Amino acid sequence: METRWLYTTSLNFPKLVEESKQTCIIPVGSIEKHGYHLPVGMDMLHISYLAHMASQLETVCIAPDFFFGDVPGAQPAGSMTFDMSLVMDMMENYCDQIGNQGFTKILLLNGHGGNGAWLHLFQRRLENKKKPYIVIRSGAHYPAPFEMGKIIQKEGYDAFPEMTKEDCDYIVKCREDKMYGGHAGLDETSYMMGICPESVHLETLGMLDGHSTHMADYLNDAGLFLIDDGWEINHPNFYCGDDPVGCNERIGKAALRMESQRLAKVFKLLKDDENIVKWHKERLEKLK
C-alpha cells in the first residue's frame, strides 16, 4: 500500500494509520556540504529513500521530510542551518499534528550525525509534557558497503546478485584494506549512487582531502570537547574518508537493499512493541 503521507488520500489515510499500528516515521536530515562529489541534500535524500523502501517491507506511515537540520559553524556553498529553538518548536508542533491523526508512536529517523544532540534534547523537552504520543529516535547506520564485504567472504558472490564479481572483489578489498569511510566516504557515496547516480560527481575526487587534520585531537585526548568534538576543525573540507574511487550504481543498489531490510526489522519491532505505549501512559499518570 502507499505508505507516504503526502501520497495518501484522505479516504485511504485511516487505513494507513490502522495498518501501521499507529506508527509514524519522520525522516530527519540536513542540508550541508559532502565534499565536492555528493549533493548537499545527501543526509535527507538517503534517509527518506531508505525509510520508504523499508516501509514497503513493513508498513508504517512515512511523514514528510524534516530537513531543518543542525549544521553549526561555517556555511559552505549550498549549506543551511536553522535556529535550534525554532527547529524544536517546529518539531514539537509537527509531532502534535501527527498525534492528532491518531499516531501513538513517532520515530525520528535521523540521517545526519549533527542532529544527534538536539534530537536527544528534544526528547527530554517532551519528557514532562502530557503528549498522547511517544517519541522515539533512531540514528542512521552505515554498515553497508563495508559489512557487505564480510557477507561476501562468508556467503560468496551470490549474496548480492545486484553486483558483478568485480564489484564483489572491490568491496572485499575495501574491507581488507580497512578503507576509511565516513562523511561522504564509500558508505554515503554508495547510497547516492543507488538513489540518484546523476547527482554524484566522482570526477571531482582528488580535489579535496578527506582525511583528518587531527588538529583538535589533543583537546579530545584531554577530555576537552569543542562542538561536535572538533569535527569541523579536523575535517575543514566537510569530507571524511578515503576517496571512493570505483563505487558504482550496482554497489549502491545492493547497499540500499541490505539497509532497507535491516530498517524494516526496526520498524516491525517498533510497531509490535506494546511496552513503549504502556510505559508512556504510566508516565502520564504520574504527571497528573
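Up top you'll find the structure we're talking about.
Definitions and limits used
Residues numbered from 1 in each chain as written. Predicted model: local features only at pLDDT ≥ 70, side-chain atom pairs only at ≥ 80, totals over all residues. Heavy atoms only, no water. Core = buried A, V, L, I, M, F, W, Y, C linked by side-chain atoms within 4.5 Å. Buried < 20%, exposed > 50% of the residue type's maximum accessible area, 1.4 Å probe, protein only. Helix = DSSP H or I, 4+ residues; strand = E, 2+ residues; numbered from the N terminus. Contact = heavy atoms within 4.5 Å. Salt bridge = Lys/Arg side-chain N within 4 Å of Asp/Glu carboxyl O. Disulfide = S-S within 2.5 Å. Axes fitted to C-alpha atoms, helices over the stretch in contact; angles between N-to-C directions. Parallel < 35°, antiparallel > 145°, perpendicular 65-115°, else oblique. Nonpolar A, V, L, I, M, F, W, Y, C, P; charged D, E, K, R; others polar.

Asker: So what's going on with the nonpolar core? Which residues, and what values?
Answerer: Ranked by size, the top nonpolar core spans 47 residues in total, and within it Met148, Phe160, Met163 and Phe267 carry the most contacts. Per-element tally for this core: the top contributor is helix H10 (residues 249-272), with nine residues. Aside from chain neighbours lying at most four places away, what touches Phe160 is Met148, Ile151, Ile152, Ala254, Arg257 and Met258. Counting residues in each nonpolar core, the second largest holds 26 residues, with Val28, Ala63, Met84 and Val135 among its members.

Asker: Go over the pattern of salt bridges with me, naming the residues and quoting the values.
Answerer: Within this structure, the stated rule accounts for 18 salt bridges. Linking Lys268 and Asp272 is a salt bridge whose minimum nitrogen-to-oxygen distance equals 2.9 Å. Here Asp272 and Lys268 lie together in helix H10, a separation of four residues that amounts to about one turn. For Lys268, a relative accessible area of 41% translates into the label partly exposed. Judged by its relative accessible area of 32%, Asp272 is partly exposed. Linked through salt bridges whose partners overlap, the residues forming this network are Asp89, Glu92, Asp96, Arg125, Lys129 and Lys131.

Asker: Please provide a residue-by-residue account of the state of the cysteines, values included.
Answerer: Under the definition given, this model contains zero disulfides. Looking at the unpaired Cys95, the closest cysteine sulfur is the one in Cys24, lying at 8.6 Å. As a non-bridged cysteine, Cys196 has Cys247 as the owner of its nearest cysteine sulfur, 12 Å distant. A residue is classified by how much of its surface remains accessible, and Cys196, at 13% relative accessible area, is buried.

Asker: I'd love a proper account of the packing of helix H5 (residues 146-155) against H10, names of residues and values included.
Answerer: Angle between the axes and distance between the axes: these two values describe a pair of packed helices. Remark: H5 packs on H10, axes separated minimally by 10 Å, with the N-to-C direction vectors making an angle of 90 degrees. By the angle between their axes, H5 is roughly perpendicular relative to H10. Residues Glu147, Met148 and Ile151 of H5 pack against Ile251, Ala254, Ala255 and Met258 of H10. Each residue belonging to the contact of H5 with H10 can be placed in one class, and the counts come to six nonpolar, no polar and one charged.

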